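Results of the structural survey
In case you want the letters, here they are:
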Amino acid sequence: MEALTVAPDRRDSLRLDTLPDPVPGEGELLVEGLAVGVCGTDREILSAGHGAPPPGRERLVIGHESLGRVRQAPPGSGWVPGDLVVGVVRRPDPVPCGACAHGRFDMCRNGRFTERGIKGLDGYASTAWTVEADYAVRLDPGLEHVGVLLEPATVVAKAWEQVELIGSRSWFAPHSVLVTGAGPIGLLAALLGRQRGLEVHVLDRVESGRKPELVRRLGAEYHSGDVERVMERVRPDVVIEATGAAPVVFGVMAGMGPYGVLCLTGLSPTGRTLDVDAGYINRELVLDNSVVVGTVNANLRHYAAAAEALAEADRGWLDAVITRRVPLESFPEAFESGPDDVKTVIELTRH
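Scope of this entry: the structure provided in the associated data block. As the structure is a prediction and not an experimental result, all values here were calculated from the model.

**So, the sheet that holds strand β13 (residues 199–203)**
Adjacent strands of a sheet form backbone hydrogen bonds with each other and so pair up, either parallel or antiparallel. Pairing is parallel across the open sheet formed by 6 strands, whose spatial order is β14-β13-β12-β15-β16-β17. Each edge of the open sheet carries a strand with a single partner, namely β14 (221–223) and β17 (291–294). Ignoring which end each strand starts from, the neighbouring axes of this sheet average 20° apart. Taken together, the 5 bridges between strand β12 (residues 176–180) and β13 define a ladder with parallel strand orientation. Considered in β13, the bridge of V177 is made with V200.

**Structural notes on the packing of aromatic side chains**
Under the defined criterion, the tally for this structure stands at 3 aromatic pairs. Measuring from ring centre to ring centre gives 5.9 Å for F105 and Y135, while their planes differ by 50°; the resulting arrangement is tilted. On the criterion of sequence distance, the pair formed by F105 in the loop between α2 (98–101) and β8 (114–116) and Y135 in the loop between β10 (128–132) and β11 (136–138) is long-range, its members being 30 residues apart. The pair formed by F105 and Y135 is uniform in burial state, with each residue classed as buried. The ring of F113 is capped by R90, whose NZ or CZ atom sits 3.5 Å from the centre of that ring.

**Here we look at the pairing of β12**
Of all 5 residues in β12, 5 are buried, a share of seventy percent or more. Residues of β12 alternate between two faces, with S176, L178 and T180 on one and V177 and V179 on the opposite face, all of them buried. Examined bridge by bridge, β12 and strand β15 (residues 238–241) share 4 bridges and lie parallel to one another. Bridge assignment links T180 to a residue of β15, and that residue is E241.

**Let's talk about unusual backbone geometry**
Along the chain, V95 connects to P96 via a cis peptide bond; the corresponding omega equals -15°. When you line up the elements, P96 lands in the loop between β7 (90–91) and α2. Although it is not a glycine, R235 sits at a positive phi angle of roughly 50°. Secondary-structure assignment places R235 in the loop between α6 (227–234) and β15. Residue R235 is classed as partly exposed on the basis of its relative accessible area of 45%.

Each value, and the rule that gives it
Residues numbered from 1 in each chain as written. Predicted model: local features only at pLDDT ≥ 70, side-chain atom pairs only at ≥ 80, totals over all residues. Heavy atoms only, no water. Pairing = 2+ DSSP bridges. Helix = DSSP H or I, 4+ residues; strand = E, 2+ residues; numbered from the N terminus. Axes fitted to C-alpha atoms, helices over the stretch in contact; angles between N-to-C directions. Phe/Tyr/Trp six-rings, centres within 6.5 Å; stacked < 30°, edge-to-face > 60°. Buried < 20%, exposed > 50% of the residue type's maximum accessible area, 1.4 Å probe, protein only. Lys NZ or Arg CZ within 6 Å of the ring centre and 35° of its normal.

Shown next, in the form of structure tokens:
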């Protein structure tokens, strides 16, 4: 098989390798890799800022946004050859911590979890891969062209779950949501907001092009102005933050209204300073019973929720979110960002 591998401790070490074909173990599916999505985590691994290979190995097969087709399935697994499948990213830690012991490995407490294509386990950027049947998610056959969006959709499915759980501590009937950032996470968060019947607003810095059009096609409103002014105008009940830009994060925090919920999904760069009125922010959060919560990764129920959301979505809109499809042999192009890019996908099957 062919696979994209990287030495996580060395910058720009990505290469296309020929590796032995995988052999499924007990309870595992053998899968033909169809596509893999490229995201900021992958780029961070390529820059030697993140990631770890499997124990005793120097190189890691990258790729955590997977899509494949089952070639071989164990009897009684409920899977059959031809099924469209996505592999779950995280595995519980071996100790396990209390959260992992209760199946909540997305909330691991001791950090000893592993993640396909990121930390300690090979990923899905290969022409063939195996996955435990219990960590595989079946997709609607009609999603073959866009199913690689499932993993990023799980991130926002969990974000929405967190928002709703927090809201349920009292009466909660949100009317509007502001999503900051119109990348894949932001757009998918907006999609799930529209599916919930909410008035959806999306803020991003670009003023024209594909992102505003995708937002409008959802029936949402696009903004490109100052975050403080947008918060004052919209007065959202919920904010899902998907930029990681510190000025945006603190601008949203300062503008939260009564019983507002801010869910942070974007990672901020460290080592930079920002002047903020921390006392004002603290005072407003307390007096308004507002909540700021961070979320990362996803569990099996979030994969199921995301698969349902994609199945209900307009296929043409989902396809438009994928702005570039790069063949495997041209893989370096997938890690170059264009001005109008939203989601880049590497196609693993040769045409």
